[in-house]
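# A closer look at the structure
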Amino acid sequence: MTDEPVLEVRELRKEYRVRTSRAEAVPAAGSALLGHAVTRRERAGVLVAVDDVSFSVSPGQSLAVVGESGSGKTTVARMVVGLERPTSGTIMVSGRERSWRHVSSRERRRRAREVQIVFQDPYSSLDPRMSVRASLDESLRLHFDWTRERRDERVAELLDQVGLDRRQANSLPKALSGGQRQRVAIARALASEPRVLICDEAVASLDVSIQAQILNLLSDIRDATGVSYLFISHDLAVVRQVSDAVLVMRRGRVIEAGPTASVLSEPSDAYTKQLLAAIPRPGWKPTLSGS
Amino acid sequence: MNVLEINHLAVELPVEGALRRVLHDVTLSIGPGEAVGLVGESGAGKSMASRAVIRLLPAGAVVHGDIRYSGDSVLAMDRAALRHFRTHDVAMVFQDPRAHINPVRTIGDFLLEALLERGERRDDARAAVIALLAAVGVSEPERRLRQFPHELSGGLLQRVMIAAALAVSPTLLLADEPTTALDVTTQSDVMVILDARRRERGLAMLFVTHDLELAAAVCDRIAVLYAGFLVEDAPAGDLHRNLRHPYTAGLLASRPDPVAPRPRLAAIPGRPLSAFEVGAGCAFAPRCAFAVERCHLERPELRALDAGRVACHRAEELAGQLALSPTPGGGE
Ligand SMILES: Nc1ncnc2c1ncn2[C@@H]1O[C@H](COP(=O)(O)OP(=O)(O)OP(=O)(O)O)[C@@H](O)[C@H]1O
Ligand SMILES: Nc1ncnc2c1ncn2[C@@H]1O[C@H](COP(=O)(O)OP(=O)(O)O)[C@@H](O)[C@H]1O
Ligand code: SF4
Ligand SMILES: [Mg+2]
Ligand SMILES: [Mg+2]
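Residues numbered from 1 in each chain as written. Chains lettered and ligands numbered in written order. Predicted model: local features only at pLDDT ≥ 70, side-chain atom pairs only at ≥ 80, totals over all residues. Heavy atoms only, no water.

## What about the overall build of chain B?
A tally of regular secondary structure across chain B gives eleven helices and twelve strands. A globule of 332 residues ought to have a C-alpha radius of gyration of about 20 Å, and chain B, at 21 Å, matches this closely. Taken over the C-alpha atoms alone, chain B extends approximately 65 × 50 × 40 Å along its principal axes. Carbon and sulfur atoms make up 51% of the accessible area of chain B, which amounts to about 13,500 Å² in all. Between the centroid of the 36 positive side chains of chain B and the centroid of its 41 negative side chains there is a distance of 3 Å. (Helix = DSSP H or I, 4+ residues; strand = E, 2+ residues; numbered from the N terminus. Rg over C-alpha atoms; globule rule 2.2 N^0.38 Å. Areas by Shrake-Rupley, 256 points an atom, 1.4 Å probe, with all protein chains shown as cover. Lys, Arg positive; Asp, Glu negative; His and termini not counted. Charge placed at Lys NZ, Arg CZ, Asp CG, Glu CD.)

This is the structure in structure tokens:
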């Protein structure tokens, strides 16, 4: 069976204009309180954050993107949800290209419904003055033209799906633990019934025991709804647990891609090997990475 | 003699006018050249326990119990003795480097301070810290000496802090999550350096981390902290072979395996408790799949078992029953 990809990204590229500063002069003794006295030669440069990245995700598939800090993972995610404009390349969701020209507000809402994102720190993405219930309801009102009863039913269903109880539903984000807040963020993302859920380091800052609960939750949700994941993580053990396929990024480029099981058991790229060798496990001894 | 001995350490901190318990009962020791991993989830009290060793707790902290460095009571040290202890014997790497490095002084000043104060020649000290910076993977070390903390990323600053700690050649290193903010490859590099120091100079280390696998791989012994209680202390090599405490077993089972994924992770239900929330019985009882009535009523003492110590009423009984795979009913 060849499913049409729900997400297809071709030759994606993102350049940032940056000021490169080459601070060569030594700060004058005593005068350089915060380093401002440093003479700088500044020139505009171009930083290529994402360079020729292509991939596709089929319905119900989970694709992981791994790589060290600064490799371009978040930039890819932000372009896919539409928070960032690609320098070049195409992004197709459900067979429709997401162009940046003539986007009506209706079209923008439709796009938001299709692709949702959950970040590492849900605190910053949740409205601190809104209860969990109100926040879910708001998302439903934005995306659907439903009666109050229908929305209430759906809120209850979402809460149930992410394992939050009635009392937690009436709480403000600050009264919840990190794991509970992440459940709220996931519920809010699921409210629009997206085809693709992007998780950008969504479990990275959680305690180990809570991280396991959320990973199980994500797997249950995929089974129940058929949603696809674009799962961004620097943690290869987590990636092995949640993804079917994986892309390894380094300095903006894809350096290796394939089924997670084979990439992680027989990596072909030297850098992927290095990443794998650096994961602590029974019998592991640290070695110099040579990078 | 042990380099460090902590006996029944308990700490209370003032919160909104009242004292709040953040550590209940921590007993552990570290021999010369030995590395002990202090492992637990956030809020368990790892940072407080390590800061208590150098008496660097928030103002108003009340400390009970006993802490000894090479036999001398740290809690009884006068100002001069404490200062000598902090500059010559022990060094600490903090979890949050930016909060502990003076922002208006250069990296060079920060790194050289302790060495110059001890009367080392400037050229020698400079050469030593440059070599150390290079060893912990800081590129262009000479240029870094002239930079200010805000010009460095968090990862680089953490490595500067590690270099500063090693520069004074301490006998005891307290490392509080020294690699949590680093990429795995850099983490591996840093661990190689700490390991070498241990072998070459007999550095003793309290290695604080939430990563049980990392601790097991680089330490001799593992001490597990839960809600302010030390619940288990075991040889690192024993950890996977001989599961003794339900919490430790739960932590191990929660971590996915990069090579052989389990269909489902055996998550511990609920969330980690803070020390002040703990009731009368075993701190882990509300989340423990093996809790019986006694567990809710009576505090388990830390007691010797096999080659380690464990605080669980049912440790002997459960031997062989604790597994890394999900237990029926123990899902979430
Ligand atoms: N708005 C921006 N302006 C300039 N450069 C940027 C901007 N956003 C990101 N970058 C740069 O683009 C590169 C990729 O960043 P990105 O955030 O995608 O990395 P990442 O793989 O998500 O890293 P991490 O694992 O640390 O989250 C980095 O060099 C980063 O500094
Ligand atoms: N300055 C402080 N005042 C009051 N409570 C604190 C303070 N710092 C930490 N705590 C509390 O002490 C407990 C232990 O904290 P900590 O040692 O930082 O845990 P860990 O390092 O294991 O994450 C936590 O419940 C935390 O909220
Ligand atoms: S004492 Fe009881 S509740 Fe505590 S860990 Fe042991 S079995 Fe579980
Ligand atoms: Mg990122
Ligand atoms: Mg801490």
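## A short note on the environment of Gly67 of chain A
Residues and elements named next belong to chain A. Here Gly67 shows up in the loop between β3 (62–66) and α1 (73–81). Judged by relative accessible area, which is 4%, Gly67 ranks as buried. Gly67 sits 208 residues away from Leu275 along the chain, and the two C-alpha atoms are 8.3 Å apart. Beyond its immediate stretch of four places on either side in the chain, Gly67 contacts Lys73, Ser233, His234, Met249 and Tyr271. (Buried < 20%, exposed > 50% of the residue type's maximum accessible area, 1.4 Å probe, protein only. Contact = heavy atoms within 4.5 Å.)

## Thoughts on helix α2 (residues 79–89) of chain B
Residue and element names in this part refer to chain B. Regarding α2, the residues found buried are Leu82, Phe85 and Asp89. In an axial view of α2, the angular spread of the buried residues amounts to 85°, which keeps them on one side of the axis. Those residues of α2 that are exposed and angled more than 90 degrees off the buried face are Arg79 and Ala80. The inward-facing, buried residues of α2 abut α1 (46–53), β4 (62–69), β6 (90–93) and β7 (172–176). (Arc of directions from axis to C-beta.)

## A closer look at the packing of helix α3 (residues 107–117) of chain B against helix α6 (residues 154–167) of chain B
Residue and element names in this part refer to chain B. Taken N-terminus to C-terminus, the directions of α3 and α6 make an angle of 15°; their axes are 9 Å apart at the nearest point. Here α3 is positioned roughly parallel relative to α6, judged by the angle of their axes. Here α3 runs over α6; the crossing is right-handed. From α3, Ile107, Phe110, Leu111 and Leu115 reach across to α6, where they touch Leu157, Val160, Met161, Ala163, Ala164 and Ala167. Partitioned by chemical class, the residues of the contact of α3 with α6 number ten nonpolar, no polar and no charged. (Axes fitted to C-alpha atoms, helices over the stretch in contact; angles between N-to-C directions. Parallel < 35°, antiparallel > 145°, perpendicular 65-115°, else oblique. Left-handed = near helix turned anticlockwise from the far one by under 90°. Nonpolar A, V, L, I, M, F, W, Y, C, P; charged D, E, K, R; others polar.)

## Quick look at the coordination of the magnesium ion (ligand 5)
Residue and element names in this part refer to chain B. Looking at the magnesium ion (ligand 5), one finds its protein donor set to be Ser47 (OG) and Gln95 (OE1), positioned 2.1 to 2.4 Å from the metal centre. Remark: Gln95 occurs in the loop between β6 and α3 and Ser47 occurs in helix α1; sequence separation between them is 48 residues. Residue Ser47 is classed as partly exposed on the basis of its relative accessible area of 22%. On the accessibility criterion, Gln95 (39% relative accessible area) is partly exposed. (Donors = N, O, S within 2.8 Å, 3.2 Å for Na, K, Ca; no water.)

## Re the site of ligand 2
All names here are of chain B. Contacts to ligand 2 come from 13 residues, most closely from Gly43, Gly45, Lys46, Ser47 and Met48. With respect to ligand 2, the side chain of Ser47 contributes an N or O atom lying 2.8 Å from an oxygen atom. Contacts to ligand 2 include Met48, whose backbone N or O atom sits 2.8 Å from an oxygen atom. Isolated, ligand 2 exposes 570 Å² of accessible area, and the fraction of that covered by the protein chains is 67%. When residues of the shell around ligand 2 are traced back to their parent elements, those giving at least two are β1 (4–15) and α1. Among the elements that line the shell around ligand 2, the one with the most residues is α1, at three residues. Broken down by class, the residue content of the shell around ligand 2 amounts to six nonpolar, five polar and two charged. (Near = heavy atom within 4 Å. Polar contact = N/O pair within 3.5 Å; in protein donor to acceptor, adjacent residues only side chain to side chain.)

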